[in-house]
Amino acid sequence: MSLVFKLLFNFLSKLPRFIRERIMPDMLIPPISNNPSKVQLDRLGHFYFEHPDLEKFSKFAADFGFVEEKRTKDRIYFRGYGKDPYVYVATRSKDGKPRFRGPAFVARSQEEFEKAAKLPGAIMGSLEDTPGGGKIITFNRTDNTLFHIIYGQTERETGSQEATATHEQQGPYNRAFEKPRKGKFQRYHPGPALVHKVGHFGYVCPDFDNELAWYTDNFNFVPSDILYHWDFSNMDVLTFMHLDLGEEYSDHHVFFMQRAEPEVKKTFVHHTSYEVADMDTQQLGHEWLASKGWKSIWGVGRHVLGSQIFDYWADSSGFKIEHYADGDLVNKDTPTSRDVVGPFSIWGPEVPKDFGGKGASPS
Ligand SMILES: [Fe+2]
């Protein structure tokens, strides 16, 4: 069936645009806006993963810049240096298969958390044995994907100083006309790029329209950018979404969804991403991961949409994982943009051919 669809698709894409777009049914993302009836989420707190070899992952995690916060027999909580008590929960996989077990978003208030608890399919749980405590609600979504809402965690105390494992002394950047750093030197040494916080994640999803509707009907996800297919302007294929916090600015995207190609039968996580302080941190972190023998996927480069400086790696189980720095912020006054799928980077190495696809990635 998928081969037939692919042949038909290839045939259609050769026809003149006005004919092919009449034949291809519209697959457009409807207008999406936030309103108070939806559950208001504040930020992305952490991710859950299962790894076959927890020890190997903990080695990767240390080289990637996570800090181990708590360890039990089959689970490790890793933190960044931000306010979240942990940003990554790695559990030993019981059947030896790696799995993504969903994002956990922090509700904006107790009231919003209670609203989420009333949504169909909500399963209440507790985080009392985890660093920071709190409560959790879980939703089972398509293809065994999970979506979690949390509330009531005790946040970490953070100073105003960014934590670093690489920077000895860093002043402001001396630009062409303005040179604010006078008589002081930039000094660094090798080390991992310490992670601040979770940034975003994305799914490649066969049931794209229904799943996108569930997330955006129930929560304050709003598209920052919508991208349509290069051969069919009536087919939206990807959206980068932010959390609408009103006047308050939030990351350009915290969640993206990509319409799966017909041969993809099951939703998979494309990558998860974590913030680091700056470009020097990223470059030093890149060299650190390379020196430890980990596999680079793509980077260092700069994205177009979202503007992040990016660096993608394969973790010890094969999941794509990203360091980013210098991302865009948006708020309620930032309009949603819609454009054709274009280059994903303005500089950096050539994008790998299968970057948008599953490749050897686990589910
Ligand atoms: Fe990313």
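Residues numbered from 1 in each chain as written. Predicted model: local features only at pLDDT ≥ 70, side-chain atom pairs only at ≥ 80, totals over all residues.

1. Quick notes on the sheet that holds strand β17 (residues 295-303)
(1) Moving on: The 10 strands lie next to each other as β21-β12-β13-β15-β11-β16-β19-β18-β17-β22, forming an open sheet whose pairing is mixed. Strand pairing shows two members of the sheet lacking a second neighbour, β21 (337-340) and β22 (345-347), which therefore form its edges. Between one strand axis and the next, the sheet turns through 25° on average, direction left out of account.
(2) Moving on: Sheet topology note: the strand β11 (residues 198-205)/strand β15 (residues 255-259) ladder contains five bridges and is parallel. By the bridge assignment for β15, Gly202 is matched with Phe256.
(3) Moving on: Packing against the sheet, helix α5 (residues 208-218) makes contact with β11, β12 (221-228) and β15, and its axis sits at approximately 160° to β15. (Pairing = 2+ DSSP bridges. Helix = DSSP H or I, 4+ residues; strand = E, 2+ residues; numbered from the N terminus. Axes fitted to C-alpha atoms, helices over the stretch in contact; angles between N-to-C directions. Contact = placed C-beta atoms within 7 Å.)

2. Section: the UniProt feature "domain: VOC" (unreviewed entry) in the chain
(1) Moving on: Under the local residue numbering, the UniProt record ascribes the feature "domain: VOC" (unreviewed entry) to residues 197-326.
(2) Moving on: Within residues 197-326, the helical portion is 18% and the strand portion 46%, while the C-alpha atoms at the span's ends are 13 Å from each other. (UniProt positions renumbered as here; feature names shortened; annotations may be inferred.)

3. Observations regarding the sheet that holds strand β5 (residues 99-107)
(1) Moving on: The eight strands lie next to each other as β2-β3-β4-β1-β5-β8-β7-β6, forming an open sheet whose pairing is mixed. Both outer strands of the open sheet, β2 (67-71) and β6 (123-126), are each paired with one neighbouring strand and no more. Sheet twist, expressed as the average angle between the axes of neighbouring strands with direction ignored, equals 25°.
(2) Moving on: Inspection of the sheet shows β5 paired to strand β8 (residues 146-151) by three bridges, in the parallel sense. If you follow Val106 over to β8, its bridge partner there is Ile150.

4. Description of the pairing of strand β18 (residues 309-314)
(1) Moving on: Judged by how many residues are buried, β18 sits mostly within the fold: five of six residues are covered.
(2) Moving on: Sheet topology places β17 next to β18; six bridges connect them, and they run antiparallel. Opposite Lys295, over in β18, you have Ala314 as the bridge partner.
(3) Moving on: Following β17, the chain reverses through five residues before pairing antiparallel with β18; Gly306 in that reversal takes a positive phi of roughly 100°.
(4) Moving on: Note: β18 against strand β19 (residues 320-325), six bridges, orientation antiparallel. Bridge pairing in β19 links Ala314 to Lys320. (Buried ≥ 20, exposed ≤ 12 C-beta atoms within 10 Å, placed from the backbone.)

5. Focus on helix α3 (residues 54-64)
(1) Moving on: Considered for burial, the residues of α3 that qualify are Phe57, Phe60, Ala61, Asp63 and Phe64. Seen along its axis, α3 keeps its buried residues to an arc of 165°; they face one direction.
(2) Moving on: Considering only its buried residues, α3 is in contact with β1 (41-51), β3 (75-79), β4 (88-92), α6 (279-291) and β19. (Arc of directions from axis to C-beta.)

6. A word on the environment of Ile226
(1) Moving on: In this structure, Ile226 sits in strand β12.
(2) Moving on: In sequence terms Ile226 and Thr336 are 110 residues apart; their C-alpha atoms lie 7.4 Å from each other.
(3) Moving on: Sequence-distant contacts of Ile226, defined by excluding residues within four places in its chain, comprise Ile29, Asp236, Thr239, Thr336 and Arg338.

7. With respect to the environment of Leu146
(1) Moving on: Turning to its location among the elements, Leu146 is positioned in strand β8.
(2) Moving on: Separated by 93 residues in the primary sequence, Leu146 and Thr239 have C-alpha atoms spaced 19 Å apart.
(3) Moving on: Non-local contacts of Leu146, meaning those with residues more than four positions away in its chain, are made with Arg101, Gly102, Thr138, Asn140 and Arg141.

8. Overview of α6
(1) Moving on: When the terminal C-alpha atoms of α6 are compared, their 18 Å separation across 13 residues agrees well with the 18 Å that a helix rising 1.5 Å per residue should span.
(2) Moving on: Within α6, burial applies to Thr281, Gln282, Leu284, Gly285 and Leu289.
(3) Moving on: Along its buried surface, α6 packs onto α3, β10 (187-188), β17, β18 and β19.
(4) Moving on: Following α6 by one or two positions, Gly293 has its phi on the positive side, about 90°. (Expected span 1.5 Å × (residues − 1).)

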